[in-house]
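A look at the structure
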Amino acid sequence: MAARDPEATKARIFEAAVAEFAAYGVAGARIDRIAAEAKANKQLIYAYYGNKTELFATVLEHKMLDLAISVPFDPDGIEGWVDRLMDYHAAHPELLRLLFWEGLEYGAAELPHEAERQEHYARKVAAVRDGQRRGVVTDAIPAPDLLFLLIAMTNWAMVVPQMKRILVGGETPDAARLRDSIKEAARRIVAVGANDRA
C-alpha cells in the first residue's frame with residue numbers, strides 16, 4: 001500500500017529518520033528501525049534517499065532550511081530574533097540534537113552537502129554585514145564571528161540542559177530569567193560603540 005503513494009511514504013521515512021538520527025546519531029541509527037517506524041520497505045529508503053549518510057545529510061539540510069525560513073536573522077531586532085530562535089528550538093528540539101550528533105561524528109571534517117550549508121550561513125552573515133554597514137550592529141567583531149557567538153549563546157542552554165539546570169535552575173522563573181539575560185547579552189554584544197570603525 002505504501003508504494004501507491006510515494007510522497008506519503010517519503011514523508012513517513014523522513015519523519016522516522018529525523019527521530020532516529022536525533023536519538024542515535026549517524027553511527028547509531030539503524031535503517032531497519034527507520035523502515036519499521038515508517039512502515040516502509042528498507043529498499044525504498046535506499047531508493048529515495050541513498051545510503052544512511054546521505055539520508056542524514058538530507059534530513060539535516062531540510063531541517064536547516066525550515067529554520068532559515070522560520071527564523072531569519074534580524075539585525076534590527078536582535079532580542080526578538082533571540083526569542084524566535086529559542087522558541088523554534090523549544091518546539092523543534094531535534095534540530096540541535098542533529099547538529100550536535102553531526103559535530104560529534106564529523107568534527108572539523110568536511111560535511112556531506114557542505115556547500116548547501118555554507119550558502120545557508122552566507123545569507124545570515126550577509127544580514128549581519130548589512131546591519132554593520134547600516135550602523136545598527138557593531139563592526140568591532142567580524143560578521144561571521146558575531147553570528148557564531150550569537151547562535152552559540154542562544155542555543156547552548158538547549159544543547160546542555162543539565163548544565164542549565166545545575167547553573168541557572170530548573171524552574172520556569174529560572175528559564176525566563178536566563179532568556180532575559182541572553183537577550184540582554186545579545187543586545188550588548190551587537191551594540192555599536194566607540195570602537196566601531198567610522
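Residues numbered from 1 in each chain as written. Predicted model: local features only at pLDDT ≥ 70, side-chain atom pairs only at ≥ 80, totals over all residues. Heavy atoms only, no water.

1. Here's the deal with the packing of aromatic side chains
- Taken as a whole and assessed by the stated rule, the structure comprises two aromatic pairs.
- A centroid spacing of 5.1 Å and a plane angle of 80° characterise the contact between Phe 21 and Phe 56, whose relative ring orientation is edge-to-face. With a gap of 35 residues between them, Phe 21 in helix H1 (residues 6-28) and Phe 56 in helix H4 (residues 52-70) connect regions that are remote in the sequence. The pair Phe 21 / Phe 56 is uniform in exposure class, with both members buried.
- Judged by centre distance (5.0 Å) and plane angle (70°), the ring pair of Phe 73 and Trp 81 falls under edge-to-face.
- In this structure Trp 81 comes out as buried when scored by relative accessible area, which is 2%.
- Above the ring of Tyr 24, the side-chain terminus of Arg 33 is found at 4.2 Å from the ring centroid. (Phe/Tyr/Trp six-rings, centres within 6.5 Å; stacked < 30°, edge-to-face > 60°. Helix = DSSP H or I, 4+ residues; strand = E, 2+ residues; numbered from the N terminus. Buried < 20%, exposed > 50% of the residue type's maximum accessible area, 1.4 Å probe, protein only. Lys NZ or Arg CZ within 6 Å of the ring centre and 35° of its normal.)

2. Let's talk about helix H10 (residues 172-190)
- Helix length check: H10, at 19 residues, gives a terminal C-alpha distance of 27 Å against a target of 27 Å (1.5 Å per residue), a fit within 8%.
- Within the span of H10, buried status applies to Asp 174, Leu 178, Ile 182, Lys 183, Ala 186 and Val 190.
- Considering only its buried residues, H10 is in contact with helix H5 (78-91), helix H8 (143-159) and helix H9 (161-167). (Expected span 1.5 Å × (residues − 1). Contact = heavy atoms within 4.5 Å.)

3. Let's talk about helix H6 (residues 94-106)
- Along its 13 residues, H6 runs 18 Å from first to last C-alpha, staying within 8% of the 18 Å computed at 1.5 Å per residue.
- Glu 94, Leu 95, Leu 96, Leu 98 and Glu 102 are the residues of H6 that are buried.
- At its buried positions, H6 is contacted by H1, H4, H5, helix H7 (114-133) and H8.
- The first or second residue beyond H6 is Gly 107, which carries a positive phi of 60°.

4. Observations regarding the environment of Leu 85
- Position of Leu 85 among the secondary structure elements: in helix H5.
- On the basis of relative accessible area, Leu 85 is assigned to the buried category, the value being 4%.
- Taking the C-alpha atoms as reference points, Leu 85 and Pro 72, 13 residues apart in sequence, are found 9.0 Å from one another.
- The residues contacting Leu 85, other than those within four sequence positions of it, are Leu 67, Val 71, Thr 154 and Asn 155.

5. Brief notes about the environment of Tyr 24
- Tracing the chain through its elements places Tyr 24 in helix H1.
- C-alpha of Tyr 24 to C-alpha of Arg 97: the two residues are 73 residues apart in sequence and 9.4 Å apart in space.

6. Examining the packing of H4 against H5
- Following both chains from N to C, one finds H4 and H5 inclined at 145°, their axes separated by 11 Å at the closest point. In the crossing of H4 with H5, the sense of the turn from one axis to the other is right-handed. Between H4, through Lys 63, Asp 66, Leu 67 and Ser 70, and H5, the contact on the second element is made entirely by Leu 85, Tyr 88 and His 89.
- Of the residues in the contact of H4 with H5, the class split is three nonpolar, two polar and two charged. (Axes fitted to C-alpha atoms, helices over the stretch in contact; angles between N-to-C directions. Left-handed = near helix turned anticlockwise from the far one by under 90°. Nonpolar A, V, L, I, M, F, W, Y, C, P; charged D, E, K, R; others polar.)

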